[in-house]
Amino acid sequence: MSSAPRAPEQRSDADGFGRTDGPAAALARLTDIISRSAADLPTSSALHGIPHLLTRHQSMGLAFDQLRTLSQQATDTLTRELARTCLGLTQELRREYEFFGGLHTLYDTITSLPETVDAGEARAICDRAFLDVFKCVNYRIEGMHNIPRSGGNIIVLNHHTVHTYYTLPNSFQLTLDTHFVSSFLSYDIRGTSPLRAVRESRATETAHNAYYNRLGHLIVKAPGSDHYDPESRKARREAFFQEARNVLLSGTDILICHEGTSYASEDSPGPFRSGAFHLAAQVDPEPLIVPVAIANFDKRLPYHTLGVHIGKPFRASETVNTNNKVDMAHFLDRFRQEYKGHIEKATLLSTRK
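Residues numbered from 1 in each chain as written. Predicted model: local features only at pLDDT ≥ 70, side-chain atom pairs only at ≥ 80, totals over all residues. Heavy atoms only, no water.

Here we come to the side chain of His208. Inspection of the secondary structure puts His208 in helix H8 (residues 206-215). Overall, His208 belongs to the buried group, its relative accessible area being 10%. Of the polar contacts made by the side chain of His208, one reaches the side chain of Ser201; its length is 2.5 Å. The residues touching His208, leaving out its near neighbours within four places in the chain, are Phe172, Val198, Arg199 and Ser201. (Helix = DSSP H or I, 4+ residues; strand = E, 2+ residues; numbered from the N terminus. Buried < 20%, exposed > 50% of the residue type's maximum accessible area, 1.4 Å probe, protein only. Polar contact = N/O pair within 3.5 Å; in protein donor to acceptor, adjacent residues only side chain to side chain. Contact = heavy atoms within 4.5 Å.)

Structure, rendered in C-alpha cells:
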C-alpha cells in the first residue's frame, strides 16, 4: 500500500466511455437493427426479445448470455451476425450491468458480515470492494499532491444525489461520491478508511440502518429523523463533537458533506454549514481541512467521465474566527465562492478530451 500521494488518475476514452449519447440511444439502435431484420428471423428467435430484456437490470444478464450464445452457436448466418452486432452495441450497457451488480454484491457483503468482523475491518472491506467496482468507470483526479501524508484530517465534499437507476431492490442507494472519496483518496493511499458523518436512519429505512450501522460511522440525528428533539440539539452537537475529536486524534480522517444534503451537479455547491469548521477549531492539534470537489457523480456513470479536484488543505483558525457568528457567515460565503472554482476544475476534468 503506497504511503505517499500518487500521480493523478486518468483513464482513456478510447473504449467508448465519456460519450454523451447514453444507454437510451444504444438501446434504440439495437432495437432498430433487430426490427429491420425481424421479417427474416424465425418467430421463435430469441433476438426478438433482446430489446425487452435490456430494459430492466434484472433481465440484462439473460440478454447478454443469449447474445453471446447466438453469436457463437446460431446455425444461420443472419442470426450470428445480428447477435455479434448487438453485442458490440451493448458494450457500455454490459459495463454498467457489471457496475450495478457490484453495488448489489457490496451491499449484501457488508450487511451479512459476521459479528466477529469489527467496524474498522468492515470499512476496509467496503473500500476495497469499491476500488474494484469502479474499475469500469472513467474518472480523472487532479490534486493528489494535496492529500496530507498523515491522517486525522477533515475532508469536506460537495455531495451529489444518486441517479435513480442505481436504486437497489430494497429501495436503498449507496452514496457513490462519499464511497469513491473514501476508497480512492484515503484507503488506496494510506490503507486507512475514514469515518463519515451519516444521518440517523428512520425506522422505515431498514436497509439504510443495516448498512451504515455495520460500518460504524458517526451517526448524526438530523431534522427528519425519528424522535428528533430540537431542544436537545446542543447536547447532541457536543456529544458528536466529542466522538469526532477522538476519531481525529486517533489519526483517522473524517469525511463531511458540508452542504448538509445532496444536489444535482448543476446545482452544486449548495449553502455550506459550519459544523466541520467548528469541529476543527475544537481539536488540538488542529486538523487540516481538505476540500474535495466532484462532478458528474449524479449521472449514469459508465456514460460520463467523473471529475475530482482536490484543493489545497488549510486550517480553519487561519481563515475564520469560529467563535464570531458574523465572521463565520462571511467565511462560509467566501468559501462557497472559492469552492465553485474547485467544482469548475472538476467539471473541466470530466469534459477534457
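Applying the stated rule across the entire model yields 11 salt bridges. Arg190 is paired through a salt bridge with Asp253; the nearest N and O atoms lie 3.1 Å apart. Highlighted residues: Arg190 in helix H7 (residues 176-190) and Asp253 in the loop between helix H9 (233-249) and strand S5 (254-256), separated in sequence by 63 residues. Residue Glu238 is joined to Arg245 by a salt bridge in which the shortest nitrogen-to-oxygen separation is 3.0 Å. On the basis of relative accessibility, which here comes to 39%, the residue Glu238 falls in the partly exposed class. The class for Arg245 is buried, based on a relative accessible area of 11%. The network of salt bridges with shared partners includes Arg199, Arg202 and Glu205. (Salt bridge = Lys/Arg side-chain N within 4 Å of Asp/Glu carboxyl O.)

In this section: the sheet that holds S5. Taken in spatial order, the seven strands make up an open sheet running S1-S7-S6-S2-S5-S3-S4, and their pairing is mixed. Two strands bound the open sheet, and with one partner strand each, they are strand S1 (139-142) and strand S4 (218-220). Here the strands of the sheet are splayed against their neighbours by 25° on average, with no regard to which way each runs. In terms of strand pairing, strand S2 (residues 154-157) meets strand S6 (residues 289-295) through four bridges, oriented parallel. (Pairing = 2+ DSSP bridges. Axes fitted to C-alpha atoms, helices over the stretch in contact; angles between N-to-C directions.)

Glancing now at the pairing of S6. Most of S6 sits out of view: seven of its seven residues are buried. The alternating pattern of S6 places Ile289, Pro291, Ala293 and Ala295 on one face and Val290, Val292 and Ile294 on the opposite face, and all of these are buried. With four bridges connecting them, S6 and strand S7 (residues 306-310) associate as antiparallel partners. Bridging from a neighbouring strand, Val292 pairs with Ile310 of S7.

Turning our eyes to something else, we now look at the confidence of the model for the protein chain. With 91% of its residues at a pLDDT of 70 or more, the protein chain shows a mean pLDDT of 90. Within the protein chain, the element-level pLDDT minimum falls on S4, averaging 87, and the maximum on S6, averaging 98. (pLDDT = per-residue confidence, 0-100.)

Another point: helix H3 (residues 57-73). End to end, H3 covers 25 Å across 17 residues, agreeing with the expected 24 Å (1.5 Å per residue, within 8%). Against helix H2 (50-53), helix H4 (77-89) and helix H5 (91-111) lie the buried residues of H3. (Expected span 1.5 Å × (residues − 1).)

Turning next to the pairing of S2. Alternating residues of S2 divide into Ile154 and Val156 and Ile155 and Leu157, and every residue in both groups is buried. As judged from the three bridges shared by S2 and S5, these two strands associate in the parallel manner. Bridge assignment links Ile155 to a residue of S5, and that residue is Leu255.

With respect to the helices, strands and loops of the structure, Asn296 is situated in the loop between S6 and S7. Asn296 sits 54 residues away from Ser350 along the chain, and the two C-alpha atoms are 7.6 Å apart. In this view, Asn296 contacts His160, Ser265, Leu301, His304, Thr305, Leu306 and Ser350; residues no more than four positions away in its chain are not counted. In terms of polar contacts, Asn296 uses its side chain to reach the side chain of Ser350, at 3.4 Å.

This part covers the packing of helix H6 (residues 119-133) against H8. H8 packs onto H6 with a crossing angle of 110° between their chain directions and a minimal axis gap of 7 Å. By the criterion of interaxial angle, the relationship of H6 to H8 is roughly perpendicular. Residue-level contacts link Ala119, Ala122, Arg123, Cys126 and Phe130 of H6 to Tyr211, Arg214 and Leu215 of H8. Its residues assigned to classes, the contact of H6 with H8 comprises six nonpolar, no polar and two charged. (Parallel < 35°, antiparallel > 145°, perpendicular 65-115°, else oblique. Nonpolar A, V, L, I, M, F, W, Y, C, P; charged D, E, K, R; others polar.)

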